[in-house]
Amino acid sequence: MDVDGEVEHDFFPFIRQYKSGRVVRFGAADTVPAGTDAARTGVSSKDVVIDPSSGLWARLYLPAGRQGKLPVVVYYHGGAFVIGSTAHRPTHEYLNSLAADAGALVVSPEYRLAPEHPLPTAHDDSWQSLRWVASHAAAAAAAVAGPEHEPWIAEHGDLSRVFLAGVSAGGNIAHHMAVRAGGERGGLGVRVRGLLVIHAYFNAEAAASPVGVMREKAEALWRFVCPGTPGPDDPLCNPFSEAAGGSAARVAAERVLVCVAEKDLLRDRGVWYYENLKGSGYRGEVELHESVSEGHVFHYTKPGCEQAKALHARVLSFLRQE
């Protein structure tokens, strides 16, 4: 038997795993290096290692010519927890535009992917990165920055204006980071002004999920990325389940903006998240923005279309606290 040629799990267009353990990721090779986006936005970017032992790193985006301290947007990329990177070209180009137009310092942490690193590794990596960002606040207060502190954050970041954001699987992560930040233990020590959740990946039994083969595929993918899961009501994919223990009410953000797209398979789950967060006991303001006649993460692939411009304007308004 050719175990290296026999498929064990097939989740095209994301990932395929063979019985030998070999993994093939689709569309993951289009990555770009950090640098200066001279032709479009003038934004500079660089990669910073956070934890040499695990290889954890982040890409930082600094807009050109901005005066004073800048709000800090911690942004988690998407990819169903199995593909994607902050260095992926569409993500990189989007974050260049976001940093330039919002006048914000963007920190986009990389996180390890399933199946080699099953959930909750992505969430644990993301929390470590967020705590690393927040650690610069104490250094700033003491007017002492150690060698582990990143100069761009120390010199340009206003850590009284932190926003958490993410798209698709990154939206799931951003939610859980906001919950951890609001926990009784392990608080960040910085103020989270807003949580931005775009086309978020949740997979709850109670959500308006796909039916038939699509539903089976979605549940199989969840079990693939999180092998020890109890199922769709795992708190990692259903933050309002009984097992989640009301944790959504602890979201550490003053405001939440939930963005959905009309033709996205995840659209109804995004609306479900919005409605349930409003009813969870969370005391902040929750808003919903829907993009008409568009699909999942369309603003990456069609940034110039009218709905992408409208979404971008809504995100900028949210980050500016207008």
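Above this text you will find the structure in question.
A brief report on the enclosed structure follows. None of the values given here were measured: they were computed from a predicted structure.

Along its length, the protein chain carries 8 helices and 11 strands. Relative to a compact globule of 322 residues, whose C-alpha radius of gyration would be 20 Å, the protein chain shows 19 Å and is just as compact. Overall size of the protein chain, expressed as C-alpha extent along the three principal axes, is 60 × 45 × 45 Å. For the protein chain, restricting intrachain contacts to residue pairs at least 6 apart in sequence, the fraction spanning at least 24 positions comes to 71%. Here the protein chain has roughly 13,700 Å² of accessible surface; of this, 52% comes from carbon and sulfur atoms. Averaging the locations of the 31 positively and 37 negatively charged side chains of the protein chain gives two centres separated by 4 Å.

So, about the pattern of salt bridges. What the rule picks out here adds up to 20 salt bridges. As a salt-bridge pair, Asp158 and Arg161 come within 2.7 Å of each other at their nearest N and O atoms. Using a relative accessible area of 18% as the deciding quantity, one classes Asp158 as buried. Residue Arg161 is classed as partly exposed on the basis of its relative accessible area of 25%. Here Glu306 and Lys309 are joined by a salt bridge, their closest N and O atoms 3.7 Å apart.

Phe81, Leu164, Leu195, Trp222, Val225 and Val251 are the most contacted members of the largest nonpolar core, which totals 70 residues. Considering each element in turn, this core owes the most residues, 7 residues, to helix α4 (residues 169-181). If near-sequence neighbours (up to four positions away) are discounted, Leu195 is found in contact with Leu164, Ala174, His175, Ala178, Val251, Ala253, Arg255, Val256, Leu257, Tyr273 and Phe318. In this structure, Tyr75, Leu95, Tyr300 and Cys305 belong to the second largest nonpolar core, which totals 30 residues.

Now for the sheet that holds strand β1 (residues 7-11). Hydrogen bonding along the main chain pairs the strands of a sheet, whether they run parallel or antiparallel. Taken together, the 3 strands give an open sheet; going across it, the order is β1-β2-β3, and neighbouring strands pair in antiparallel fashion. At either end of the open sheet lies a strand with only one pairing partner, and these are β1 and β3 (23-25). Recorded for the sheet is a direction-independent mean angle of 10° between the axes of neighbouring strands. Strand direction decides the pairing type here: β1 and strand β2 (residues 15-18), joined by 4 bridges, are antiparallel. The residue of β2 that forms the bridge with Asp10 is Arg16.

Moving on: the state of the cysteines. Summed over the entire model, instances satisfying the criterion amount to 0 disulfides. For the unlinked cysteine Cys237, the closest cysteine sulfur is that of Cys226, found at 7.6 Å. Its sulfur unpaired, Cys305 is 14 Å from the next cysteine sulfur, which belongs to Cys259.

Quick look at the pairing of strand β5 (residues 56-62) now. A large share of β5 lies buried, amounting to 6 of its 7 residues. By the bridge criterion, 7 bridges tie strand β4 (residues 44-51) to β5 in an arrangement that is antiparallel. By the bridge assignment, Val49 is partnered in β5 with Trp57. The pairing of β5 with strand β7 (residues 105-109) spans 4 bridges and is classified as antiparallel. For Leu60, the partnering residue across the bridge sits in β7 and is Val107.

Here is what the cut-offs are and how they apply
Residues numbered from 1 in each chain as written. Predicted model: local features only at pLDDT ≥ 70, side-chain atom pairs only at ≥ 80, totals over all residues. Heavy atoms only, no water. Helix = DSSP H or I, 4+ residues; strand = E, 2+ residues; numbered from the N terminus. Rg over C-alpha atoms; globule rule 2.2 N^0.38 Å. Contact = heavy atoms within 4.5 Å. Areas by Shrake-Rupley, 256 points an atom, 1.4 Å probe, with all protein chains shown as cover. Lys, Arg positive; Asp, Glu negative; His and termini not counted. Charge placed at Lys NZ, Arg CZ, Asp CG, Glu CD. Salt bridge = Lys/Arg side-chain N within 4 Å of Asp/Glu carboxyl O. Buried < 20%, exposed > 50% of the residue type's maximum accessible area, 1.4 Å probe, protein only. Core = buried A, V, L, I, M, F, W, Y, C linked by side-chain atoms within 4.5 Å. Pairing = 2+ DSSP bridges. Axes fitted to C-alpha atoms, helices over the stretch in contact; angles between N-to-C directions. Disulfide = S-S within 2.5 Å.

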